[in-house]
Amino acid sequence: TTLRDLTLEVSLGATTVSPIWTSLRDHPFLQKLCLRGNGVNLTGLETLLLSDTSKITELEIDMKRGSAGGPPMMGLTSVLQALGRRHSLIKLGLRDFRLGCDEARQLGTVLRNTPRLQSLDLASNDLGSAGLAELAPALYRNTSIKVLDVSGNVFHRIESAVILRDIMRYNKTITTLDVFWNDFGGIPGAVECIADGLGSNSTLLKIDLSWCALRDGGVSILAQTLGSRSTTLQKLTLNSNTITSTGVGMLLETIVQNSHHITELDLQRNPSIGNEGASLLARSLGNNALPKLTCLFLHYCDIGADGVIALVSALEQNKTLLHLDLRDNYAFSERPFLALAESLPEIKVLQRVDLNWCPGPASAMPLLGYRNRFRLLIRAPEERPPPRGVWPRAFTRVATLPDVIFEVLRSNPSLVPTEDTEGR
């Protein structure tokens with residue numbers, strides 16, 4: 001009777017789980033229900049959703065149908081009808097359903113009848129322009145949804161971009177919008193629509209435009225909009241596009257000239273950024289020309305040793321960046337790690353740097369630990385400090401790095417005083 005969160009992984013071939021729905025109808029505390037599985041039979045779930053005593057406020061269903069399509073859905077219509085009467089719902093996720101126009105129309109009715117809904121996840125439903133058009137009237141002037149995920153829905157036509165523009169233009173509630181994996185970057189006029197909607201919105205804080213086939217031209221359009229309009233955008237995700245150092249330069253110019261609000265910039269998996277793009281970023285970081293930026297993600301951007309060295313050197317002067325992701329770059333070279341070791345004593349702000357372990361940095365790792373005075377190795381977890389000091393945890397964390405252990409013991413023969421459970 002204390003259960004509040006239930007996740008069911010239903011295997012392929014399970015024809016029904018309706019007895020579970022019946023048993024949960026009058027549960028006094030269950031609030032969140034997650035259902036995952038290929039070809040799940042939803043028959044009977046409506047009995048739980050229609051119960052007057054049910055406390056369900058969060059429902060997430062992931063059909064996991066995959067590219068092959070999977071078996072047909074059973075019971076979705078009844079579930080959508082029941083959701084239309086579930087006025088207390090605050091979070092709804094329907095992933096990988098392959099929703100047609102009829103289902104999208106029903107879902108639009110659900111959205112109009114759930115005034116407290118704050119999060120809507122419709123990823124990978126192949127809505128297309130027609131399905132999105134059915135949902136649009138309910139989304140234009142919605143006053144409750146803050147998080148909207150419509151990623152992977154085959155928005156490959158200009159009509160989809162127009163509707164997305166109007167959602168951003170008219171909706172004054174959504175703060176997070178995910179539209180990744182929709183290849184509108186190559187559609188004439190589509191990027192302009194997205195940029196126009198973004199520039200017309202005064203509440204959006206995060207937008208994910210990953211896997212959208214964006215090139216430097218599209219980034220230029222976005223940058224011009226960010227520079228000429230008053231937006232509140234804080235997190236910009238451009239993961240897995242075709243952005244080069246040229247696009248990075250245009251984006252940085254906009255952020256620098258307008259003292260923008262951007263705090264997180266995700267440029268992962270754009271391998272054409274390279275050393276030149278890294279150098280541009282390093283220059284802005286070193287000059288503190290990105291006054292709000294705290295997180296920068298450059299995973300798999302084909303940045304070589306020179307680019308990484310430029311970035312870590314710039315961090316000696318930077319006053320804002322807290323997290324830098326440099327994984328899968330620099331081709332296993334030792335030089336960037338030695339440069340980082342040299343810069344660490346002067347880096348005052350950075351709290352986290354993500355690097356790949358490989359044979360190259362093995363000899364540099366002891367120097368990394370020594371230069372940083374072991375702060376990263378021995379720091380206790382903030383959420384639950386160990387009762388007898390931090391050294392046991394430190395040794396656990398570096399057990400696979402004998403060189404580091406050797407440096408710790410050699411440089412700190414007296415170790416660190418510890419306290420017992422009574423504080424002595």
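Here, every reference points to the structure presented above.
Report follows, based on the coordinates. The model shown is predicted, which means the values in this text are computed figures rather than measured ones.

What the protein chain contains, in helices and strands, is 16 helices and 13 strands. By the burial criterion, 50% of the 424 residues in the protein chain qualify as buried. For the protein chain, contacts bridging at least 24 residues in sequence account for 85% of all contacts bridging at least 6. Surface accessibility of the protein chain: about 19700 Å² in total, with carbon and sulfur atoms responsible for 52%.

This part covers the nonpolar core. Ranked by size, the top nonpolar core spans 108 residues in total, and within it Phe 184, Leu 209 and Leu 298 carry the most contacts. Those residues in contact with Leu 209, other than ones at most four positions away along the chain, are Val 179, Phe 180, Phe 184, Ile 194, Leu 214, Leu 222, Thr 237, Leu 238 and Asn 241.

Under the counting rule described, the total for this entry stands at one aromatic pair. Arranged with centres 5.6 Å apart and planes meeting at 75°, the rings of Tyr 140 and Tyr 170 form a pair that is edge-to-face. With Tyr 140 in helix α5 (residues 128–140) and Tyr 170 in helix α6 (residues 158–170), this pair connects stretches of sequence that are 30 residues apart. Taking the relative accessible area as the measure of exposure, Tyr 140 reaches 17% and is therefore buried. Positioned over the ring face of Tyr 170 is Arg 141, at 5.3 Å from the centre of the ring. Between the NZ or CZ atom of Arg 269 and the centre of the ring of Tyr 300, over which it lies, the distance is 5.4 Å.

Moving on to the packing of helix α11 (residues 305–314) against helix α12 (residues 335–343). Helices that pack against each other are described as a pair by the angle of their axes relative to one another and the distance between those axes. Closest axis-to-axis distance for the α11/α12 pair is 9 Å, and the angle between their directions is 10°. Here α12 runs roughly parallel to α11, going by the angle between their axes. Contact residues: Ala 305, Asp 306, Val 308, Ile 309, Val 312 and Ser 313 in α11; Arg 335, Pro 336, Ala 339, Leu 340 and Ser 343 in α12. Across the contact of α11 with α12, the residue classes tally to seven nonpolar, two polar and two charged.

Moving on, we get to the side chain of Ser 119. Within the secondary structure, Ser 119 is located in strand β5 (residues 119–121). Owing to a relative accessible area of 16%, Ser 119 belongs among the buried residues under this scheme. What Ser 119 contacts, discounting residues up to four positions off in sequence, is Ile 90, Lys 91, Leu 92 and Val 147.

Attention now moves to the pairing of strand β4 (residues 91–95). Bridge count for strand β3 (residues 58–62) against β4 is five bridges, and the pairing is parallel. In the sheet register, Glu 60 faces β4, and the bridge partner there is Gly 93. Both β4 and β5 contribute to a ladder of three bridges, which runs parallel. Each residue of the ladder has a partner; that of Gly 93, found in β5, is Asp 121. In this region the chain leaves β4, passes through helix α4 (residues 101–112) and returns to the parallel neighbour β5; the handedness of that crossover is right-handed.

Let us look at the pattern of salt bridges. Scanning all chains against the criterion turns up 18 salt bridges. Arg 169 is the salt-bridge partner of Asp 166, the closest N and O atoms lying 3.9 Å from each other. A residue pair is termed a helical-turn pair when its members lie 3 or 4 positions apart in one helix, as Asp 166 and Arg 169 do in helix α6 at three residues. The buried category is assigned to Asp 166, whose relative accessible area is 11%. By relative accessible area, Arg 169 is classed as partly exposed at 26%.

Time to look at the environment of Leu 35. Inspection of the secondary structure puts Leu 35 in strand β2 (residues 32–36). For the pair Leu 35 and Leu 8, spaced 27 residues apart in the sequence, the C-alpha separation amounts to 5.0 Å. When neighbours within four sequence positions are excluded, Leu 35 is seen to be in contact with Leu 8, Val 10, Trp 21, Val 40, Leu 42, Glu 60, Ile 61 and Asp 62.

Of note in this structure, Arg 98 is not a glycine but carries a positive phi near 60°. Within the element layout of this structure, Arg 98 appears in the loop between β4 and α4. Its identity as a non-glycine residue notwithstanding, Arg 269 has a phi of 55°, on the positive side. Summarising the element assignment, Arg 269 is placed in the loop between β10 (264–266) and α10 (274–286).

Parameters and conventions
- Residues numbered from 1 in each chain as written.
- Predicted model: local features only at pLDDT ≥ 70, side-chain atom pairs only at ≥ 80, totals over all residues.
- Heavy atoms only, no water.
- Helix = DSSP H or I, 4+ residues; strand = E, 2+ residues; numbered from the N terminus.
- Buried < 20%, exposed > 50% of the residue type's maximum accessible area, 1.4 Å probe, protein only.
- Contact = heavy atoms within 4.5 Å.
- Areas by Shrake-Rupley, 256 points an atom, 1.4 Å probe, with all protein chains shown as cover.
- Core = buried A, V, L, I, M, F, W, Y, C linked by side-chain atoms within 4.5 Å.
- Phe/Tyr/Trp six-rings, centres within 6.5 Å; stacked < 30°, edge-to-face > 60°.
- Lys NZ or Arg CZ within 6 Å of the ring centre and 35° of its normal.
- Axes fitted to C-alpha atoms, helices over the stretch in contact; angles between N-to-C directions.
- Parallel < 35°, antiparallel > 145°, perpendicular 65-115°, else oblique.
- Nonpolar A, V, L, I, M, F, W, Y, C, P; charged D, E, K, R; others polar.
- Pairing = 2+ DSSP bridges.
- Right-handed = clockwise from strand over helix to strand, strands pointing away.
- Salt bridge = Lys/Arg side-chain N within 4 Å of Asp/Glu carboxyl O.

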